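Fold and contact review
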Amino acid sequence: MTFRRMAAIAAAFMTIISAPLAMAADAPKAITIATEGAYAPWNFTTADGKLDGLEIDLANDLCARMKIKCTIIAQNWDGLIPSLTVGKFDVIMASMFITPKRLETIDFTQPYAVDPSGFAIAKNSDLGKLGISKEKFKLEDEAAAMAAIEKLKPLLKGKVVGVQSGTTNLEFLKKYFGDTVQIREYKTTEQHDLDLAAGRVDAIFAQQTALAATLAKPEFADYTIAGPGFVGGIFGLGTGAGLRKEDKALKDMFNTAIDAAIADGTTKRISEKWVHTDVTPVK
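Residues numbered from 1 in each chain as written. Predicted model: local features only at pLDDT ≥ 70, side-chain atom pairs only at ≥ 80, totals over all residues. Heavy atoms only, no water.

With 6 bridges connecting them, strand β1 (residues 30-35) and strand β5 (residues 69-74) associate as parallel partners. By the bridge assignment, Thr-32 is partnered in β5 with Thr-71. (Pairing = 2+ DSSP bridges. Helix = DSSP H or I, 4+ residues; strand = E, 2+ residues; numbered from the N terminus.)

Below, the structure is given as structure tokens:
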């Protein structure tokens with residue numbers, strides 16, 4: 001082997017072994033994570049002003065695994081992506097679905113949760129009498145999903161449905177039920193919950209775990225989650241942490257931590273604590 005070839009191999013080897021060191025040097029030692037703080041039980045603000053919920057517990061666990069200091073703050077939903085891109089904070093953990101549209105502006109980690117969306121409605125309504133279904137329809141399976149949607153339409157005809165603005169839940173309603181229901185948009189899910197309790201809307205559409213938390217309150221004793229859940233398609237790949245596209249080292253760190261939390265059952269434990277079901281993504 002010539003000296004020149006040996007030198008080239010040695011240089012290549014040094015490049016390989018130094019790559020992780022370069023990434024480690026680029027990795028932040030402290031970050032700020034933004035959440036909405038108004039989407040119980042995923043993230044919410046307690047009576048004494050503290051942030052709590054599934055994503056708060058998970059964020060703290062991931063930060064401990066990454067060995068970085070994390071500050072978690074609340075940010076209005078409609079300001080999350082714009083504020084991330086201008087550097088107000090570093091990461092979004094706010095039950096945000098990974099969708100092609102959002103990926104045009106920001107990047108995401110791998111999913112840390114998958115949670116179907118569905119309807120909550122009065123128990124004595126046509127849809128409410130059916131009760132909740134364990135079926136989950138992937139919108140990519142167009143034939144099956146559309147068959148399920150067409151069965152729901154007559155049961156929702158003319159109803160006023162509340163939904164949070166700027167969400168994939170709103171996009172879903174517009175696309176699949178825009179010709180069937182009257183859609184009423186709200187800045188937060190807490191607002192449409194209040195209108196459901198007051199009878200100002202007939203139903204609300206959100207993630208089923210959030211609906212379950214809402215309906216557990218005494219004022220919603222006459223309401224139920226009804227019909228199947230919907231995932232995929234317009235809802236994207238699941239719920240992930242949003243980051244700026246250039247923060248590749250931070251993304252790698254989060255993905256490694258998410259993998260570890262899934263592998264050792266932490267994600268399952270946290271989700272069962274808060275939403276009484278396992279929302280861990282299937283690998």
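Having seen it, we continue.
The next subject is the sheet that holds strand β3 (residues 43-45). Spatially, 3 strands are ordered β2-β3-β4 in an open sheet, and the strand pairing comes out antiparallel. With one partner strand each, in any of the chains shown, β2 (38-39) and β4 (51-52) form the two edges of the open sheet. Inspection of the sheet shows β2 paired to β3 by 2 bridges, in the antiparallel sense. Looking at β3, one finds that Tyr-39 is bridged to Asn-43.

So, about the pattern of salt bridges. If you walk through the whole model with that rule in mind, you get 12 salt bridges. Of the charged contacts in the structure, one is a salt bridge between Asp-61 and Arg-65, with a shortest N-O distance of 2.6 Å. Of this pair, Asp-61 and Arg-65 both sit in helix α2 (residues 54-66), 4 residues apart, which is roughly one turn of that helix. Residue class for Arg-65 comes out partly exposed when judged on its relative accessible area of 27%. One salt bridge in this structure joins Arg-244 and Asp-247, with 3.3 Å as the shortest N-O distance. Residue Arg-244 is classed as buried on the basis of its relative accessible area of 12%. Residues joined by salt bridges that share partners form a network here, namely Asp-90, Arg-244, Glu-246 and Asp-247. (Salt bridge = Lys/Arg side-chain N within 4 Å of Asp/Glu carboxyl O. Buried < 20%, exposed > 50% of the residue type's maximum accessible area, 1.4 Å probe, protein only.)

Take the state of the cysteines next. As enumerated under the stated definition, the model contains 1 disulfide in all. The disulfide partner of Cys-63 is Cys-70, and the S-S distance across this bridge is 1.9 Å. Judged by the torsion about the S-S bond (-95°), the Cys-63/Cys-70 disulfide is left-handed. (Disulfide = S-S within 2.5 Å.)

This brings us to the side chain of Arg-244. Relative to the assigned elements, Arg-244 resides in the loop between β14 (242-243) and α9 (248-263). Look past the residues within four positions of Arg-244 in its chain and what remains in contact with it is Leu-84, Thr-85, Gly-87, Phe-89, Asp-90 and Asp-107. (Contact = heavy atoms within 4.5 Å.)

Strands sit in the order β9-β13-β8-β12-β10-β11 across an open sheet of 6 strands; the sheet is mixed. Of all the strands in the sheet, the pair left with one neighbour each is β9 (132-138) and β11 (182-186). Pairwise comparison of adjacent strand axes, ignoring direction, gives a mean angle of 25° for this sheet. Relative to strand β13 (residues 223-231), β9 runs parallel, the two being bridged by 4 bridges. Within the sheet, the bridge partner assigned to Phe-137 lies in β13 and is Phe-230. Helix α8 (residues 208-215) contacts β8 (117-122), β12 (203-207) and β13 of the sheet and is inclined by roughly 170° relative to β13. (Axes fitted to C-alpha atoms, helices over the stretch in contact; angles between N-to-C directions.)

Our focus in this paragraph is the packing of α2 against helix α10 (residues 266-275). Contact geometry for α2 and α10: axes closest at 9 Å, N-to-C directions at 160°. When the axes of α2 and α10 are compared, the pair comes out roughly antiparallel. Judged by the sense of rotation from one axis to the other, the crossing of α2 with α10 is right-handed. Touching Leu-54, Asp-57, Leu-58, Asp-61 and Arg-65 of α2 are Thr-266, Thr-267, Ile-270, Ser-271, Lys-273, Trp-274 and Val-275, all from α10. Residues that form the contact of α2 with α10 fall into these classes: 5 nonpolar, 3 polar and 4 charged. (Parallel < 35°, antiparallel > 145°, perpendicular 65-115°, else oblique. Left-handed = near helix turned anticlockwise from the far one by under 90°. Nonpolar A, V, L, I, M, F, W, Y, C, P; charged D, E, K, R; others polar.)

By themselves, these observations are geometric and do not establish any function.
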